[in-house]
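# Per-entry structural report
These are the residues of each chain, in order.
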There are 2 protein chains.
Amino acid sequence: MSTVPPFNPDPDAPVYLYEQVADHLQARIEAGEIGPRLPGERALMDEYGVAHGTIRKATDLLRERGRVVTLPGKGTFVRKGE
Amino acid sequence: MSTVPPFNPDPDAPVYLYEQVADHLQARIEAGEIGPRLPGERALMDEYGVAHGTIRKATDLLRERGRVVTLPGKGTFVRKGE
DNA sequence: TTTCATTTGTTCGTATGTATT
DNA sequence: CAATACATACGAACAAATGAA
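Within each chain, residues carry numbers counting from 1 in the order of the written sequence. For naming, the first written chain is A and the first written ligand is 1, with later ones following in the order written. Reporting of local features is limited, given that this is a predicted model, to residues whose pLDDT is at least 70; pairs of side-chain atoms are given and counted only at 80 or more, and all residues count toward the totals for whole chains, interfaces and linings. Each side-chain value is derived from all of the structure's non-hydrogen atoms; neither hydrogens nor water enter the calculation.

## Brief notes about the pattern of salt bridges
All names here are of chain B. What counts, and what does not: Salt bridges are identified by distance alone: a Lys or Arg side-chain nitrogen within 4 Å of an Asp or Glu carboxyl oxygen. Buried means the residue's accessible area, taken with a 1.4 Å probe over protein chains only, is under 20% of the maximum for its type, while exposed means over 50%, and partly exposed covers the values in between. A run of H or I in DSSP counts as a helix once it spans at least four residues, and a run of E counts as a strand once it spans at least two, with each numbered from the N terminus.
Taken as a whole, this structure holds twelve salt bridges over all chains when the rule is applied. Across the pair arginine 28 and glutamate 33 runs a salt bridge whose closest N-O atoms are separated by 3.9 Å. Under the relative-accessibility criterion, glutamate 33 is labelled partly exposed at 36%. Measuring nitrogen to oxygen at the nearest pair gives 3.1 Å for the salt bridge that ties glutamate 47 to arginine 28. Here arginine 28 lies in helix H1 (residues 17–30) and glutamate 47 lies in helix H2 (residues 41–48), a separation of 19 residues in the sequence. Glutamate 47 sits in the partly exposed class, given a relative accessible area of 45%.

And the structure:
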């Protein structure tokens, strides 16, 4: 059970910030660190130190990847299964 | 560690200006003078004293050569590796 | 019922950067 | 060369859905 290293965004990396956030969240999910419900968008904003839109794009990406499902007004949840 | 000589475009050379700019940028990249993120297009316009389109063609060339990767809205980045 | 807190969803304005005309 | 469009990212505010008191 190794923990996921802290989020360390690289502004000079050829990768969008929201994608870096999504990758980090996915790593935490697969490490079992978060779930079945993800922290709220505002909590994630604080955790990652990024703006609302960036968190939304990150979770959009995870949803496109099929890792999470989100219910408006309820939350974003880790999708079970492989 | 020698620095790259200043940009000195030769109007009489049988080489397009944007190619001369690209070659100079590539030399600076390989000399480690710039990167991992290239200056913005407007900054490069000022540095080289050329028009926007010339800078764009130069970076297009670098991209075709596989030396840089560009992400719209984020920037143009030196590609790591050989 | 209404009220309240929480959470997702949307929009506006500003800044920076690339892309297009 | 200039102007415009598009995309990321930030900050702020507000709306809408949910659930519990």
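## Concerning the protein's contact with DNA strand D
Residues and elements named next belong to chain A. Under the convention used in this document: Whether a residue is near a molecule or strand depends on its heavy atoms: if one lies within 4 Å, it is near. Under this definition, polar contacts are N or O atom pairs within 3.5 Å; protein pairs additionally need one hydrogen-donor-capable and one acceptor-capable atom, and for neighbouring residues in sequence, both atoms have to be side-chain atoms. Three classes are used, and their members are as follows: Ala, Val, Leu, Ile, Met, Phe, Trp, Tyr, Cys and Pro are nonpolar, Asp, Glu, Lys and Arg are charged, and the others, Gly among them, are polar.
Taken together, 13 residues lie near DNA strand D, and Leu17, Tyr18, Ala51, Thr54 and Lys57 sit nearest. Backbone atoms, meaning sugar and phosphate, form 84% of the atoms of DNA strand D found within 4 Å of the protein. Between DNA strand D and the protein, one listed contact pairs a phosphate oxygen with a side-chain N or O atom of threonine 54 at 2.3 Å. At a separation of 2.3 Å, a phosphate oxygen of DNA strand D approaches a polar side-chain atom of lysine 57. At the level of elements, helix H1 (17–30) and helix H3 (52–64) are the ones that each hand at least two residues to the surface near DNA strand D. Element by element, the count of residues in the surface near DNA strand D is highest for H3, at three residues. The residue inventory of the surface near DNA strand D, partitioned by class, reads six nonpolar, four polar and three charged.

## A few points about the packing of aromatic side chains
Aromatic ring pairs: the centre-centre distance and the angle between the two ring planes describe each pair. Residues and elements named next belong to chain A. Which entries qualify depends on this criterion: Centres within 6.5 Å are what make two rings of Phe, Tyr or Trp a pair, Trp counting through its six-membered ring; a difference in plane orientation under 30 degrees is then read as stacked, over 60 as edge-to-face, and the rest as tilted.
Scanning the entire structure with this criterion turns up four aromatic pairs over all chains. Centroid distance phenylalanine 7 to tyrosine 48: 4.8 Å. Interplanar angle 70°. Geometry classified as edge-to-face. Separated by 41 residues along the polypeptide, phenylalanine 7 in the segment before H1 and tyrosine 48 in helix H2 (residues 41–48) bring together distant segments of the chain. For phenylalanine 7, a relative accessible area of 18% puts it in the buried group. Using a relative accessible area of 7% as the deciding quantity, one classes tyrosine 48 as buried. On the numbers, 5.6 Å between centres and 10° between planes, the contact of tyrosine 16 with tyrosine 18 is stacked.

## Thoughts on the UniProt feature "domain: HTH gntR-type" (unreviewed entry) in chain A
Spelled out, the test is: UniProt positions are given in the numbering used here, feature names are shortened, and annotations may be inferred rather than shown by experiment.
Taken from the UniProt record, the annotation "domain: HTH gntR-type" (unreviewed entry) applies to residues 15–81 of chain A. Between the end C-alpha atoms of residues 15–81 of chain A there is a gap of 28 Å, over a span that is 52% helix and 12% strand.

## Regarding the pairing of strand S1 (residues 68–71) of chain A
For a regular strand, side chains alternate in direction, first toward one face of the sheet and then toward the other. Inclusion rule: When DSSP finds two or more bridges between two strands, those strands count as paired.
Note that S1 of chain A and strand S2 (residues 75–78) of chain A share four bridges and pair antiparallel. Looking across to S2 of chain A, one finds that leucine 71 of chain A is bridged to glycine 75 of chain A.

## Overview of the protein's contact with DNA strand C
Glu41, Arg42 and Arg56 of chain A together with Arg42 and Arg56 of chain B are the nearest of the 25 residues found near DNA strand C. What you see for DNA strand C is that sugar and phosphate hold 67% of its atoms within 4 Å of the protein. In the environment of DNA strand C, a base oxygen lies 2.8 Å from a nitrogen or oxygen atom belonging to the side chain of arginine 42 of chain A. At a separation of 3.3 Å, a phosphate oxygen of DNA strand C approaches a polar side-chain atom of arginine 37 of chain B. Going through the elements one at a time, H2, H3, S1 and S2 of chain A together with H2, helix H3 (52–64) and strand S2 (75–78) of chain B are the ones with two or more residues in the surface near DNA strand C. Looking at side-chain class alone, the surface near DNA strand C contains three nonpolar, twelve polar and ten charged residues.

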